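Report on the structure
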Amino acid sequence: MAVDRPRQIRIVIVGAGFGGIGMGASLKRRGCDNFIILEKSDSVGGVWHKNRYPGAACDVPAHLYSFSFELRPDWPQRYASQAEILDYLNHCARTYGLAPHIRFGTEVTDARWDETHNRWVVRTADDQLFHAQALVTATGQLSRPSHPRLPCATRFSGPIFHSAEWRDCDLHGKSVAVVGTGASATQLVPAIAPIVSKLYVFQRSAAYILPKRDKIYPRWQIRLFRHCRGALRLRRMLIYLQHEHRAFAFVTWRAVLRTKRRAFTRHLRRGVKQADLRDRLTPDYRMGCKRILLSNDFYPAMDRANVELVTERIEEIRPGAIVTGDAAERKVDCIIFATGFAATDFLVPMKMTGLRGQDLHQSWKGGAEAYLGMTVAGFPNFFMLYGPNTNLAHNSIVFMIESQIRHVMACLARLGGDGARSIEVKENIQRRFNARIRRRLENSIWSKGCMSWYLTAAGKNTTNWPGYSFMFRLKTRTPNWDDYVVQ
Ligand SMILES: Cc1cc2nc3c(=O)[nH]c(=O)nc-3n(C[C@H](O)[C@H](O)[C@H](O)COP(=O)(O)OP(=O)(O)OC[C@H]3O[C@@H](n4cnc5c(N)ncnc54)[C@H](O)[C@@H]3O)c2cc1C
């Protein structure tokens, strides 16, 4: 519904995934009610609302992949499923009274900094206007599915969709194609392999997959967590340390990955009996270059008689078939793209205009960058959560998002408290910060030897934080006001 007059609001938050819900909950905990969360879809949850494919789950244990201020003692098992995480985020939205603040079905299309009045003018697809002192985007790195450009895909006669846009079609007894062998495919393939008549898995490059050490929490442990917050916090801390030490392999001493490589070989040998299939499932790049995946059932699923790994390039989609480079035609009833996300396209397709008409996407022509993944020179009172270079390959993104929320809360307090009208990161600070992380990223394991979703087409890593997550927490803990122009 279009409104005649702009609505005045102190803070506009875009997105209701972990970022938006965490930001909203933090504002409520500080007693702030003057904010709105604009969400283009029809539910909270972000990726956990969208990714409903069979088998969807998290790779980080639930006690850590949750907010530190809203610990849940009764996670039934170590790794939560998509449904459990979605349920958790709904619980958070309820607990912190966020429902009246959220507008669903509301996509932000552009935001412009109004220099005269020191405010953001935020416009939505249905022409609503908001005037806000601060703008916080929590639009995620993995919220826009990446669709492969395949010749004649529109001619396909059956269901054809991305794993993040799941359609409830009955796959029982069907011949199905899964395109891709990344994180989503490793969860989806074992879940559907037993029910389909034939499953073709199209692979461009193989993934390193390690065992997923899952476990069901016994009742006594859940009772302990429920009655003793200390035990719950200790559990979370231990999981954090277990994961953080993995950064040592990425950041400090890559030789550690050799032991992981041996674990991978053992895991593959145990899961796949056919030697030639094992060869084709063995990556041809250095371990760690792409995200290392966890699964106990992907390899046994690939070894099933009704599953075929296809490594030939897809040449054409026909109404009921896929044709590959070797001219083979495989009849399929349904095609599922497990082809990942446009991770490096931050804030696309929103138009963002800062001081003196500066266009954010124009400034990011060479790849997105920000200060601490949050603020950009020329864009006052604008904060991003899970922005450029805040992704991790070894630990929980929720930890990174929470680190940023604390920082943003301190900035918002300054804006509300001592009469500051605008906060903007200094250009030289942003440049120096990015030069430093760029140097580290150029020598990192992610930059050479493979293409991955961490990199732009030109090979720039705009997604990953190049170090330990506790270093990020320390750097973001309290704003250094010398880094900002505060007016
Ligand atoms: C399948 C999958 C598995 C994952 N597994 C893990 C894992 O194991 N461990 C881990 O740490 N991370 C994992 N992640 C990463 C995950 O993205 C983050 O952990 C976290 O959920 C990000 O939350 P977010 O709120 O920043 O973004 P999102 O969850 O992506 O939410 C962004 C929200 O913004 C909304 N939005 C976007 N643009 C607009 C707009 N213009 N206007 C209005 N609304 C908009 C979207 O609809 C969405 O609801 C996974 C991601 C996926 C897709």
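Preceding block: the structure.
Summary of the structure given here. (Residues numbered from 1 in each chain as written. Predicted model: local features only at pLDDT ≥ 70, side-chain atom pairs only at ≥ 80, totals over all residues. Heavy atoms only, no water.)

This part is about the site of the ligand. The full set close to the ligand counts 32 residues, and Gly-19, Glu-39, Val-47, Asp-59 and Tyr-65 are the nearest of them. One of the backbone N or O atoms of Val-47 is found 2.9 Å from an oxygen atom in the ligand. A distance of 2.7 Å separates an oxygen atom of the ligand from a polar backbone atom of Asp-59. Secondary-structure elements contributing two or more residues to the shell around the ligand are helix H1 (18–29), helix H2 (47–50) and helix H12 (397–417). (Near = heavy atom within 4 Å. Polar contact = N/O pair within 3.5 Å; in protein donor to acceptor, adjacent residues only side chain to side chain. Helix = DSSP H or I, 4+ residues; strand = E, 2+ residues; numbered from the N terminus.)

On the surface, a nonpolar cluster with roughly 380 Å² of combined accessible area is contributed by Leu-234, Met-237, Leu-238 and Leu-241. Tracing the chain through its elements places Leu-241 in helix H6 (residues 229–244). Given a relative accessible area of 45%, Leu-241 falls into the partly exposed group. (Patch = residues over 30% accessible without salt bridge, like charges linked within 9 Å, V, L, I, M, F, W, Y side chains within 5 Å. Areas by Shrake-Rupley, 256 points an atom, 1.4 Å probe, with all protein chains shown as cover. Salt bridge = Lys/Arg side-chain N within 4 Å of Asp/Glu carboxyl O. Buried < 20%, exposed > 50% of the residue type's maximum accessible area, 1.4 Å probe, protein only.)

Turning our eyes to something else, we now look at the sheet that holds strand E15 (residues 329–331). Taken together, 3 strands build an open sheet; the order of strands is E13-E14-E15 and the sheet is antiparallel. A single partner strand is all that each edge strand has here, and the edge strands are strand E13 (314–318) and E15. Taking each pair of neighbouring strands and ignoring which way they run, the sheet shows an average axis angle of 20°. Note: E13 against strand E14 (residues 321–324), 4 bridges, orientation antiparallel. Residue pairing across strands places Arg-318 opposite Ala-321, the latter belonging to E14. (Pairing = 2+ DSSP bridges. Axes fitted to C-alpha atoms, helices over the stretch in contact; angles between N-to-C directions.)

The alternating pattern of strand E16 (residues 334–337) places Cys-334 and Ile-336 on one face and Ile-335 and Phe-337 on the opposite face, and all of these are buried. By the bridge criterion, 3 bridges tie strand E7 (residues 160–162) to E16 in an arrangement that is parallel. Residue His-162 lies in a different strand from E16, and its bridge partner there is Phe-337.

Right, let's get into H1. Within an α-helix, residues lying three or four positions from one another point in the same direction, as the helix has 3.6 residues per turn. Taking 1.5 Å per residue, 12 residues should reach 16 Å; H1 reaches 16 Å between its end C-alpha atoms and fits that length. Inspection of H1 places Phe-18, Gly-19, Gly-20, Ile-21, Gly-22, Met-23, Gly-24, Ala-25, Ser-26 and Leu-27 among the buried residues, and these make up the whole buried set. Looking at the residues trailing H1, positive phi occurs at Gly-31, about 85°. (Expected span 1.5 Å × (residues − 1).)

This part is about the pattern of salt bridges. Following the criterion strictly, the structure yields 17 salt bridges and no others. Connected through shared salt-bridge partners, Arg-155, Glu-316, Arg-318, Glu-329 and Lys-331 make up one network.

What follows covers the sheet that holds E7. Taking strand neighbours across the sheet as the criterion, the 5 strands line up as E7-E16-E8-E9-E12 in an open arrangement whose pairing is parallel. Among the strands making up the open sheet, the edge pair consists of E7 and strand E12 (307–310). The sheet shows a mean angle of 20° between the axes of neighbouring strands, taken without regard to direction. Direction of pairing for strand E8 (residues 175–179) relative to strand E9 (residues 198–202): parallel, over a ladder of 5 bridges. In the sheet register, Ser-175 faces E9, and the bridge partner there is Lys-198. Contacts from helix H4 (residues 183–192) reach E8, E9 and E16 within the one sheet, and its direction differs from that of E8 by about 170°. (Contact = heavy atoms within 4.5 Å.)

Every second residue of strand E2 (residues 35–38) is oriented toward a common face, with Phe-35 and Ile-37 on one face and Ile-36 and Leu-38 on the other, all of them buried. One ladder, built from 4 bridges, connects strand E1 (residues 7–14) with E2; its direction is parallel. Looking across to E2, one finds that Val-14 is bridged to Leu-38. A crossover links E1 with its parallel partner E2, the connecting element being H1, and its sense is right-handed. (Right-handed = clockwise from strand over helix to strand, strands pointing away.)

With that out of the way, let us pick up the environment of Ile-405. The residue Ile-405 is located in helix H12 in this model. Ile-405 sits in the buried class, given a relative accessible area of 3%. When the C-alpha atoms of Ile-405 and Ser-26 are compared, they prove to be 7.7 Å apart, with 379 residues separating the residues in sequence. In this structure Ile-405 touches Gly-19, Gly-22, Met-23, Ser-26 and Leu-385, once residues within four positions along its chain are discounted.

Before going further, it helps to spend a moment on the state of the cysteines. As enumerated under the stated definition, the model contains 1 disulfide in all. With its sulfur 2.0 Å from that of its partner, Cys-289 forms a disulfide with Cys-450. Negative torsions about the S-S bond denote left-handed disulfides, and the value of about -105° found for Cys-289 with Cys-450 makes this one left-handed. Of this pair, Cys-289 sits in the loop between helix H9 (275–280) and strand E11 (293–294) while Cys-450 sits in the loop between helix H13 (427–442) and helix H14 (469–476), and the two are 161 residues apart along the sequence. For the pair Cys-289 and Cys-450, a shared accessibility class is recorded, and that class is buried. Left unpaired, Cys-32 is separated from the closest cysteine sulfur, that of Cys-411, by 14 Å. Looking at Cys-32, the relative accessible area reads 14%, which means it is buried. Residue Cys-169 stays outside any disulfide, its sulfur separated by 4.4 Å from that of Cys-334, the closest cysteine. Residue Cys-169 is classed as partly exposed on the basis of its relative accessible area, which comes to 25%. (Disulfide = S-S within 2.5 Å.)

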